[in-house]
Amino acid sequence: MEINAINDCVKNYLSHGDGGIKGYGGWTISTGSATVAGRGVVATRDYSVGDVIFVDVPLIVSPRAMGMDGTGSWPVCAVCYAVMMTPTGCPGGCRLPVCGRQCADRPEHRDECRYVRQLRPKTKSDGQTWSVGIYNAITAVRGLSIRDGKYRYFLDVLQKKSTDKLTFEVEELKRNISMELDKEDEQIMVTTCKIMDANCFETIVNRSNKLTSLKGLYPVAAFMNHCCVPNTMHNFNEKLQMIAKASLPIYKGQEITTSYTYSIWPTSLRQNHLLTSKQFICTCSRCCDTEEFGTKLAALNCIVKNCDGRILPINPLDKKSIWQCKMCTKLVSSTEMICFYKDVETLMKSISVFCPKSFEAILKSFNIHKDSPFVIDLRLKFIWKSKNNSLNLEQLLYKEKLCMEMLDLVQKLRLGQCRLLGLISLELLKVIKEKAYRFRRNWNTKTLNVFEGQISKLKEIYTSVLDEDANLDNNNIQ
Ligand SMILES: [Zn+2]
Ligand SMILES: [Zn+2]
Ligand SMILES: [Zn+2]
Ligand SMILES: [Zn+2]
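Read on for a plain summary of the structure. (Residues numbered from 1 in each chain as written. Chains lettered and ligands numbered in written order. Predicted model: local features only at pLDDT ≥ 70, side-chain atom pairs only at ≥ 80, totals over all residues.)

Per the secondary structure count, the protein includes 16 helices and 14 strands. Over its C-alpha atoms the protein spans a radius of gyration of 25 Å, differing by no more than 12% from the 23 Å that the globule rule assigns to 478 residues. Seen through its C-alpha atoms, the protein measures out along the principal axes to roughly 70 × 55 × 45 Å. By residue count, 36% of the 478 residues in the protein fall in the buried class. Counting contacts in the protein only where the partners sit at least 6 residues apart, residues at least 24 apart contribute 64% of the total. (Helix = DSSP H or I, 4+ residues; strand = E, 2+ residues; numbered from the N terminus. Rg over C-alpha atoms; globule rule 2.2 N^0.38 Å. Buried ≥ 20, exposed ≤ 12 C-beta atoms within 10 Å, placed from the backbone. Contact = placed C-beta atoms within 7 Å.)

Right, here's the structure in full:
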């Protein structure tokens with residue numbers, strides 16, 4: 001389909017999707033030279049940091065698949081996505097986990113419930129009223145509603161993952177029903193899953209103050225290309241719509257980008273993720289810069305005695321690149337580095353209790369620098385998981401230091417007003433509030449005012465970055 005027609009489809013969808021959707025005037029889907037790969041979204045006006053670029057309506061949202069034996073995580077209600085600690089099957093008989101009559105009767109579930117029921121889901125002898133296999137097939141089944149709806153054209157327009165492998169979701173469905181699938185239905189299901197694999201976003205929803213990670217297909221966002229220094233960030237509202245905002249200033253004619261991977265991972269990890277999940281190699285400015293804007297994220301400290309240098313790959317885009325210390329020019333092979341990395345990883349995983357002094361001692365004795373990916377991982381875990389009121393003073397002050405270091409890293413990586421900036425600002429604010437509470441009697445008004453100032457500044461940042469989900473306890477979200 002030609003690009004003008006695609007733009008018409010997308011804008012038609014957004015303007016009719018859910019009534020009153022705004023913010024789709026300043027960009028266009030383009031095949032021009034401005035995009036990094038094939039098609040992309042390009043700005044047709046300037047955007048300032050924080051400006052909403054578009055509000056995207058999901059074509060499909062579905063829960064993440066579970067392990068075959070149903071262990072590992074709790075399923076969520078297939079309709080409202082609330083976590084189900086004691087899952088029960090849909091009263092309508094489709095064998096999806098559904099939390100009650102109210103959800104079973106919702107209009108958005110009616111067609112899929114009837115469809116799955118007609119396929120005669122198999123019952124197992126264990127008396128369980130819901131089926132993991134049917135649950136894992138939801139994405140595939142929901143593709144049929146796109147085919148039968150007004151926006152069928154997206155099945156042709158959106159990019160599909162190219163693979164010869166059997167489609168997991170469809171195979172799960174076939175294994176768990178007694179009837180045979182209609183051939184055309186099956187084809188649509190396979191196409192839907194391939195589109196989902198190539199384009200889906202992690203959709204985070206808040207249900208009764210619990211965060212759940214779902215998969216969502218967003219037609220505009222699907223056209224955004226990846227960059228490791230993306231100029232947008234996004235949140236989700238109650239209706240699971242994606243609100244995409246400028247995280248950096250964007251100028252007319254510039255490509256609008258997002259990140260398909262974690263921005264605080266070093267180049268090797270990002271590349272690996274992009275290659276295995278999205279099948280491409282990123283060559284953005286950050287990927288081509290060995291030192292990743294001076295952060296030396298991938299580096300390990302030099303192994304030569306008394307050398308303060310750091311070892312980095314000579315060519316960051318080549319997995320087998322030789323590593324070198326700039327200071328003493330020592331060369332290290334990639335195989336040696338992989339072993340080295342594994343050792344550090346094992347060591348870091350062995351740390352369970354976060355005690356500032358012993359943590360710093362470990363870093364020092366094993367010569368690991370504070371921005372190495374493993375250390376960042378641990379720092380973030382400590383920041384998300386620790387409860388401020390149960391920390392001793394040393395730990396609380398350490399947490400404050402870690403938050404500031406993370407904010408500094410986000411800035412160095414040029415990530416602008418990204419989601420991580422919002423989340424860390426919120427955590428830092430909570431730490432400062434706890435500190436102010438503990439010391440309120442010892443401080444004079446002037447000191448307290450300084451803290452008030454810090455608090456209101458952080459509040460301004462996190463509310464503008466995170467929109468309405470700022471009240472959450474953010475566990476495990478990066
Ligand atoms: Zn429900
Ligand atoms: Zn049902
Ligand atoms: Zn990159
Ligand atoms: Zn050296």
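More follows now that the structure is in view.
Pairing is antiparallel across the open sheet formed by three strands, whose spatial order is β3-β9-β8. Each edge of the open sheet carries a strand with a single partner, namely β3 (52-56) and β8 (232-236). Across the sheet, the axes of successive neighbouring strands diverge by a mean angle of 20 degrees, strand direction being ignored. Sheet topology places β8 next to strand β9 (residues 242-246); five bridges connect them, and they run antiparallel. Directly across from Thr-232, in β9, lies its bridge partner Ala-246. (Pairing = 2+ DSSP bridges. Axes fitted to C-alpha atoms, helices over the stretch in contact; angles between N-to-C directions.)

Within the largest apolar cluster, 68 residues are counted, with the highest numbers of intra-cluster contacts made by Cys-77, Leu-96, Val-98, Leu-217, Val-220, Ala-221 and Ile-256. Ranked by residues supplied to this core, first place goes to helix α8 (residues 183-199) with five residues. Not counting residues within four places of it along the chain, the set of residues in contact with Val-220 comprises Val-10, Leu-14, Phe-54 and Asp-56. Among the nonpolar cores identified, the runner-up in size contains 30 residues, and Leu-413, Leu-415, Cys-418 and Leu-421 belong to it. (Core = buried A, V, L, I, M, F, W, Y, C linked by C-beta atoms within 7 Å.)

Mapped onto the elements of the fold, Ser-30 is located in strand β1 (residues 27-30). The spacing of Ser-30 and Leu-466 is 436 residues in sequence and 29 Å in space, taken between C-alpha atoms. For Ser-30, the residues in contact, after removing those within four places along its chain, are Ile-3, Thr-35, Arg-39, Gly-40 and Val-42.

For an α-helix, the turn length of 3.6 residues means that residues three or four places apart are oriented alike. Within helix α12 (residues 356-365), only zero of the ten residues are buried, which leaves it mostly out in the open. One or two steps after α12, the chain reaches Asn-367, where phi turns positive at roughly 60 degrees.

What follows deals with the pairing of β9. Every other side chain in a regular strand lies on the same face of the sheet, so the side chains alternate between the two faces. Most of β9 sits inside the fold, with four of its five residues counted as buried. Both β3 and β9 contribute to a ladder of four bridges, which runs antiparallel. Looking at β9, one finds that Val-52 is bridged to Lys-245. Linking β8 to β9, which pair antiparallel, is a turn of five residues; within it Leu-240 sits at a positive phi near 65 degrees.

Attention now moves to unusual backbone geometry. Phi is positive for Arg-120, close to 55 degrees, though the residue is something other than glycine. When you line up the elements, Arg-120 lands in the loop between α3 (107-118) and α4 (132-136). The phi torsion at Asn-306 lies on the positive side, around 65 degrees, for a residue other than glycine. The topology assignment puts Asn-306 in the loop between β11 (300-301) and β12 (310-313). For Asn-306, a count of 6 C-beta atoms within 10 Å corresponds to the exposed category.

As a further point, take helix α9 (residues 267-278). In a regular helix each residue adds 1.5 Å, so twelve residues correspond to 16 Å; α9 covers 15 Å between its end C-alpha atoms and thus fits that length. Within α9, the full set of buried residues consists of Thr-267, Ser-268, Arg-270 and Gln-271. End-on view of α9: buried residues confined to an arc of 165 degrees, all on one side of the axis. Where α9 is buried, its residues contact α10 (285-288). Of the residues trailing α9, Gln-279 is marked for its positive phi of about 55 degrees. (Expected span 1.5 Å × (residues − 1). Arc of directions from axis to C-beta.)

Across the sheet, which stays open at both edges, the three strands sit in the order β4-β6-β5 with antiparallel pairing between neighbours. Bordering the open sheet on either side are β4 (60-63) and β5 (201-207), each of which pairs with just one other strand. Recorded for the sheet is a direction-independent mean angle of 40 degrees between the axes of neighbouring strands. Helix-sheet contacts for helix α5 (residues 138-148) involve β4 and β6 (210-217), and the interaxial angle to β4 is about 165 degrees.

Before going further, it helps to spend a moment on the packing of α3 against α5. Two elements in contact, α3 and α5, have axes separated by 10 Å at closest approach and are oriented at 120 degrees. What the angle tells us is that α3 and α5 run oblique. Here α3 runs over α5; the crossing is right-handed. Here α3 contributes Asp-111, Glu-112, Tyr-115 and Val-116 to the contact with α5, which in turn contributes Val-141, Arg-142, Leu-144 and Ser-145. (Parallel < 35°, antiparallel > 145°, perpendicular 65-115°, else oblique. Left-handed = near helix turned anticlockwise from the far one by under 90°.)

This part is about the environment of Met-406. Residue position: Met-406 is located in helix α14 (residues 393-412). Note on Met-406: 23 C-beta atoms within 10 Å, which makes it buried. Separated by 43 residues in the primary sequence, Met-406 and Asn-449 place their C-alpha atoms 25 Å from one another. Those residues in contact with Met-406 that lie beyond four places of it in its chain are Arg-379 and Ile-424.

With that settled, the discussion passes to the environment of Ile-314. Mapped onto the secondary structure, Ile-314 falls in the loop between β12 and β13 (323-325). Taking the C-alpha atoms as reference points, Ile-314 and Asp-289, 25 residues apart in sequence, are found 9.9 Å from one another. With residues near it in sequence (within four places) discarded, Ile-314 still touches Ser-321, Ile-322 and Gln-324.

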